[in-house]
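Descriptive analysis of the structure
Listed here are the chains, written in short residue letters.
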Amino acid sequence: MAGIINDFPPYARDTVVEVNLDAIAHNVSAFRRHLPAGTEIMAVVKADAYGHGAIPVAREALAAGATRIGVAFVDEGIQLRRAGITAPVLVLGYTPPRAAEYALAHDLTLTVYSEESLEAVEQAAARLGTRAKIHVKTDTGMGRIGLKPGEVLPFVRKALACAHVEVEGLYSHFATADERDTAYARRQEREFAGIVEEMNREGIRIPVLHLANSAGAIAFPEGANSLIRLGISMYGFYPSAEVNRESVALMPALSFKTRIVHLHRPAEGTGISYGRTYIARGDETIAVIPVGYADGFNRLLSNRGFALVRGRRVPVAGRVCMDQTMLDVSSVMPVNVGDEVVLYGVQGDERITVDEVASLLGTIHYEVTCMLGARVPRIYMKNGKPVHIVNRLTQHPSKPLDLA
């Protein structure tokens, strides 16, 4: 029995997400060339690297020239530390005071913008006998977390007076850098520069300054400060349709694939899937694929979405179920059980982009990739070959495959 278990494949279903690590490296390198010399790149891998897988993506981004990692919450940072990633990790979101010591014990850099959090970090660092690195967040127009510009200098003075705190960074976040009209973003840029100048007049020099996200880095590379936070564009997506796509050439990293598991020819009048929203004509072939909304293939794609079979588009027939979806493959016959189906990505000369799917759903590509379920195995590719497999359900480890 032990031999059977040990020989079991790393995943036992036909629905997978493939992540091209060469594309991740390409995109980091493209920004490296686009930015002024000396500008650092923070690889943002929050939300499990926007659905791509935080640990493999972080490793690849660092190998390609990123120097820091950004996450949303403490637990995401600890995941990276437990995987052996030693690069500086900044927690971009709120850290509850009770979690400060936990974070510092794992050498995480915290975003701080309230006296309560500052005091918690100071006390936690004192208990650990360490010096905590923090980045102060200011809200220059996002309307989210952060100090108002007039509050930054007094707050920084208090932080500098703390015996166990090092103010390593100061940052803000663009709200509209992905829009054609750059007036508001430029106003934020001036606001941030004014805060820095106010501190400089008092002799306060904060070493790491950052304002630009992917969109800001594309639009204003000359104003990138110490570093940029590379998020959505590291995965090969432009932040919006309005950004300049000529300045940085990106390569999408993700494909969503499955295989046909059943074929049938329903009689005329037969309902397909829940609610009988699709009624068979009697002359079509219906394929069943083992993927559904629990995997991130959204139920709103029912009777609206498409997939690629034999290099051509075929429509979703009926409602998307939790674990299964039906396709009308009549136009691409002959089709066989086991044939590949591409939900997002390229097959032959045809492609279905994540942007296209987002448009159908009335949302943005960020959400589409973040929706990809944890139960879908991630296959990591380099030079067209799999080099890692991560299956969270069976706890298959993220380690190099033996390809010999």
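Here the structure is a predicted model, which means the values were calculated and not measured.

It is worth spelling out the sheet that holds strand 3 (residues 68–71) at this point. Strand order in the open sheet formed by 8 strands is 8-7-6-5-4-3-2-9, with parallel pairing between adjacent strands. With partners counted over all chains shown, the strands left at the sheet margins are strand 8 (208–210) and strand 9 (227–230), one partner each. Each adjacent strand pair in this sheet contributes to an overall mean axis angle of 30 degrees, direction not counted. Here strand 6 (residues 132–137) runs beside strand 7 (residues 165–171); their pairing, made up of 6 bridges, is parallel. Looking across to strand 7, one finds that Lys133 is bridged to Glu166.

Next up on the list: helix 9 (residues 183–201). Between the first and last C-alpha of helix 9 there are 27 Å, a value that for 19 residues agrees with the 27 Å anticipated at 1.5 Å per step. Listed in full, the buried residues belonging to helix 9 are Ala185, Gln188, Glu189, Phe192, Ile195, Val196 and Met199. All buried residues of helix 9 lie within an arc of 120 degrees about the axis, which places them on one face of the element. Summarising the geometry of helix 9, the exposed residues directed more than 90 degrees from the buried face are Arg190 and Arg201. Residues of helix 9 that are buried in the fold lie against helix 8 (149–160), strand 7 and strand 8. Where helix 9 terminates, the next one or two residues include Gly203, which has phi positive at roughly 80 degrees.

It is worth spelling out unusual backbone geometry at this point. The peptide bond linking Met333 to Pro334 adopts the cis configuration, its omega dihedral lying at 5 degrees. Assignment of secondary structure puts Pro334 in the loop between strand 17 (325–328) and strand 18 (340–347). At Asp48, a position not held by glycine, the phi torsion is positive, near 55 degrees. In this structure, Asp48 sits in helix 3 (residues 46–50). Its identity is not glycine, yet Ala49 carries a phi of approximately 55 degrees, on the positive side. Along the chain, the position of Ala49 falls in helix 3.

Conventions adopted
Residues numbered from 1 in each chain as written. Predicted model: local features only at pLDDT ≥ 70, side-chain atom pairs only at ≥ 80, totals over all residues. Heavy atoms only, no water. Pairing = 2+ DSSP bridges. Helix = DSSP H or I, 4+ residues; strand = E, 2+ residues; numbered from the N terminus. Axes fitted to C-alpha atoms, helices over the stretch in contact; angles between N-to-C directions. Expected span 1.5 Å × (residues − 1). Buried < 20%, exposed > 50% of the residue type's maximum accessible area, 1.4 Å probe, protein only. Arc of directions from axis to C-beta. Contact = heavy atoms within 4.5 Å.

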